[in-house]
Amino acid sequence: MSTVEPSTRKRVLKVIFVSLLLDLISFTFILPLFPKLLEFYRNSEAGPESHSTLLARIFDGLNAYKSAFAKPIESRYDIVLLGGALGSLFSLLQAIASPVIGHLSDRYGRRTALLASMAGNILSVLLWVMAVDFRTFLASRIVGGLSEGNVQLATAIATDISDENSRGSTMALIGACFSIAFTFGPALGAYLSTISIVAANPFATAAGVSLTLIVVETVYLYFSLPETLPTKIGKATTKTTAKPAAIIRTNSHFLLNLVHFSFLLFFSGMEFSLPFMTYDLFQYDSSQNGRLLGFVGLVASLLQGGVTRRLAPLLTVRIGVSACLLAFVMLGRISTVMSLYLAAACLATTSATVVSGLNTLSSFEAAEGERGGKLGILRSWGQLGRGLGPVLFTSIYWWAGREVAYGAGAAGILGVAVLAFAGLKSPPGSVKTRKAETEEKEL
């Protein structure tokens, strides 16, 4: 149970929101740039006479992978596949790093762990600024994957300062940061990429602004964020008090981790396949796909700000998984742009609900001294699913076609729905009272 004063909670929530928004906007700058960025490196390093470069060897392996499919994969997909592989690499590195970062935050404090994570983020973006070759750019992604801990630590901090009744709305605030950043960050990154200052790295402007945001965030955190880990701020009194009773778990962490992994395994595969599907069906270009993703981000922001924060976490998860199942069924059968956007609305509902709901449920099952570690492990399993999903899903897509791929995805999400409806239960205190809702409005 949180004993944080309402004024302190409000102040820390403001710091979390501002810092996480800066972090995620910086993080999303690069997303729309991947095709042109990788094309730039391919043109300079993977030509007919450049077989010895790292990027040329990667493309050789990519061509070998493509040749394994009965259905030909056009060369225009090379950059998309490489971008997906880099995204998977980042997620798999996060799966390794997240539990470590979480356990360090339980031992040394949230503030210390977050500032250490920010140091890694600064190094990662600095490498991107200097990335005149693919090898340096790859190093920046590896450093970023191993050091990025802002989201899970913001979640742990939000748990530290929230009681059972306000925890779900606090988690929804973190989700809202995602939606806002993914609505505006990619567009800003695309605009900055048109401003070329360094010929050897045409994307140095976007990277430089990203670095500026990360540095500003770090300075802001250093001066504004207090320590929130209960065992640290209560160090003076813990010696004279009895050990807290062992927590009684409503849901096992194994089940929560399984749901998170399984959900993101299928959901991330669907996300990654969308540009292929929209091109095949409607000949969408990158700007049209950008508008589609912007629509998803906008709807998700509205839902998180007005709906998700008021719902119990288990209900939030169940609504999101149901919407995801409906989206899979629709995407396997759509033939019009209108039906595409209806499916996108379902995806927005899923984006606004499932992960924040699972984070909230996991926080209820963790004692004060283990929240960072438990939330880190939950994120690790989710990132593992996010790393494997695109490769597995697109393989089915090219082997068997759109209908089979989305049908298989629907079957997988149906299994997740069974776990969510039959396996997960509401922890005591997770259903909000009218008094708690009144307090949230005041915040």
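A quick note: this is a predicted structure, and the numbers were derived from the prediction, not measured.

(A) Structural view of the packing of aromatic side chains. Evaluation of the coordinates by the stated rule reveals 17 aromatic pairs. In textbook terms, an aromatic cluster arises when at least three aromatic residues are bridged by ring pairs, as seen for Phe34, Phe40, Tyr41, Phe134, Phe137 and Phe203. One residue, Arg111, lies across the ring of Tyr222, its end atom 5.1 Å from the ring centre. Arg167 extends its terminal NZ or CZ atom over the ring of Phe364, reaching a point 4.8 Å from the ring centre.

(B) Structural context of the nonpolar core. Counting 104 residues, the largest nonpolar core has Leu38, Trp128, Phe137, Leu331, Tyr406 and Leu424 as its most contacted members. Of all the elements, helix α12 (residues 253-282) adds the most residues to this core, at 12 residues. If we ignore the near neighbours within four places in the chain, the residues touching Tyr406 are Met270, Ser273, Leu274, Met277, Phe328, Leu331, Gly332, Phe393 and Tyr397.

(C) Representation of helix α9 (residues 204-224) in the model. For α9, with 21 residues, the first-to-last C-alpha span of 30 Å sits near the 30 Å given by 1.5 Å per residue. Within α9, the full set of buried residues consists of Ala204, Thr205, Ala206, Ala207, Ser210, Leu211, Leu213, Ile214, Glu217, Thr218 and Leu221. Among the structural elements, α1 (6-28), α5 (110-129), α7 (150-160) and α8 (167-192) are those in contact with the buried residues of α9.

(D) Representation of the packing of α12 against helix α17 (residues 371-400) within the structure. In the contact formed by α12 and α17, the axes pass within 6 Å of each other and the chain directions differ by 35°. Crossing of α12 against α17: the hand is right-handed. Across the contact of α12 with α17, the residue classes tally to 18 nonpolar, 10 polar and five charged.

(E) Seen up close, helix α3 (residues 54-66). The end-to-end C-alpha separation of α3 is 19 Å, in line with the 18 Å expected for 13 residues at 1.5 Å each. For α3, the set of buried residues is Leu55, Ala56, Phe59, Leu62 and Lys66. Angularly, the buried residues of α3 cover 115° about the axis, an arc narrow enough to put them on a single face. The inward-facing, buried residues of α3 contact α2 (34-45), α4 (78-108) and α6 (134-147).

(F) How the structure looks around the confidence of the model for the protein chain. Considering every residue of the protein chain, the mean pLDDT works out to 87; 91% of them sit at 70 or more. In the predicted structure, residues 235-242 sits below a pLDDT of 50 and forms zero contacts with residues beyond four places in sequence or in another chain. Confidence drops under a pLDDT of 50 for residues 438-443, and excluding neighbours within four residues, the segment shows nine contacts in the predicted structure.

(G) Looking closely at unusual backbone geometry. One non-glycine residue, Gln283, lies in the positive phi region at around 55°. Examined against the element boundaries, Gln283 turns out to sit in the loop between α12 and α13 (286-306). On the basis of relative accessible area, Gln283 is assigned to the exposed category, the value being 53%.

(H) Inspection of the environment of Leu127 at higher detail. Along the chain, Leu127 falls in helix α5. Along the backbone, Leu127 and Leu211 are 84 residues apart, and their C-alpha atoms lie at a distance of 9.8 Å. For Leu127, the contacting residues outside a window of four places in its chain are Thr136, Ala139, Ser140 and Val143.

(I) View of the packing of helix α14 (residues 313-331) against helix α18 (residues 402-423). Contact geometry for α14 and α18: axes closest at 8 Å, N-to-C directions at 165°. In terms of orientation, α14 and α18 fall into the roughly antiparallel class. The two elements α14 and α18 cross, and the hand of that crossing is left-handed. Contacts from Leu314, Val317, Arg318, Val321, Ser322, Cys324, Leu325, Phe328, Val329 and Leu331 of α14 reach α18 at Arg402, Tyr406, Gly409, Ala410, Ile413, Leu414, Val416, Ala417, Ala420 and Phe421. In the contact of α14 with α18, the residues fall into 16 nonpolar, two polar and two charged.

Rules behind the numbers
The numbering scheme is per chain: residues are counted from 1 as the chain's sequence reads. Given that the model is predicted, a residue must reach a pLDDT of at least 70 before its local features are reported, and side-chain atom pairs must reach 80 or more before they are shown or counted; all residues, however, enter totals for whole chains, interfaces and linings. Water and hydrogen atoms were dropped before computing side-chain values, which therefore reflect all heavy atoms in the structure. Stacked, tilted and edge-to-face are the three classes applied to pairs of Phe, Tyr and Trp rings, where Trp contributes its six-membered ring and a pair requires centres within 6.5 Å; stacked means planes under 30 degrees apart, edge-to-face means over 60, and tilted covers the rest. For a ring to carry a charge above it, either NZ of a lysine or CZ of an arginine must fall within 6 Å of the ring centroid while also lying within 35 degrees of the normal to the ring plane. We call a set of buried residues a nonpolar core when its members are Ala, Val, Leu, Ile, Met, Phe, Trp, Tyr or Cys and they connect through side-chain atoms within 4.5 Å of each other. Relative accessibility thresholds used throughout: buried, under 20% of the residue-type maximum; exposed, over 50%; partly exposed, between the two (1.4 Å probe, protein chains only). Here a strand is any run of E in DSSP of at least two residues, a helix any run of H or I of at least four, and the numbering for each starts at the N terminus. The contact rule is simple, with two residues in contact once any of their heavy atoms fall within 4.5 Å. Helices are assigned an expected span. That span is 1.5 Å times one less than the residue count. Here an angle of 0 to 180 degrees is reported between the N-to-C directions of two axes, which are lines fitted to C-alpha atoms, with helices fitted over the stretch in contact. Helix crossings fall into two classes, left-handed where the near helix is turned counterclockwise from the far one by less than a right angle and right-handed where it is turned clockwise. Under the grouping applied here, Gly and all other residues not named as nonpolar or charged are polar, the nonpolar ones being Ala, Val, Leu, Ile, Met, Phe, Trp, Tyr, Cys and Pro and the charged ones Asp, Glu, Lys and Arg. Our arc is simply the arc of the directions from the helix axis toward the C-beta atoms. Confidence of the predictor at the level of single residues is given by pLDDT, which spans 0 to 100. Oblique is the label for every angle not falling under 35 degrees (roughly parallel), over 145 degrees (roughly antiparallel), or within 65 to 115 degrees (roughly perpendicular).

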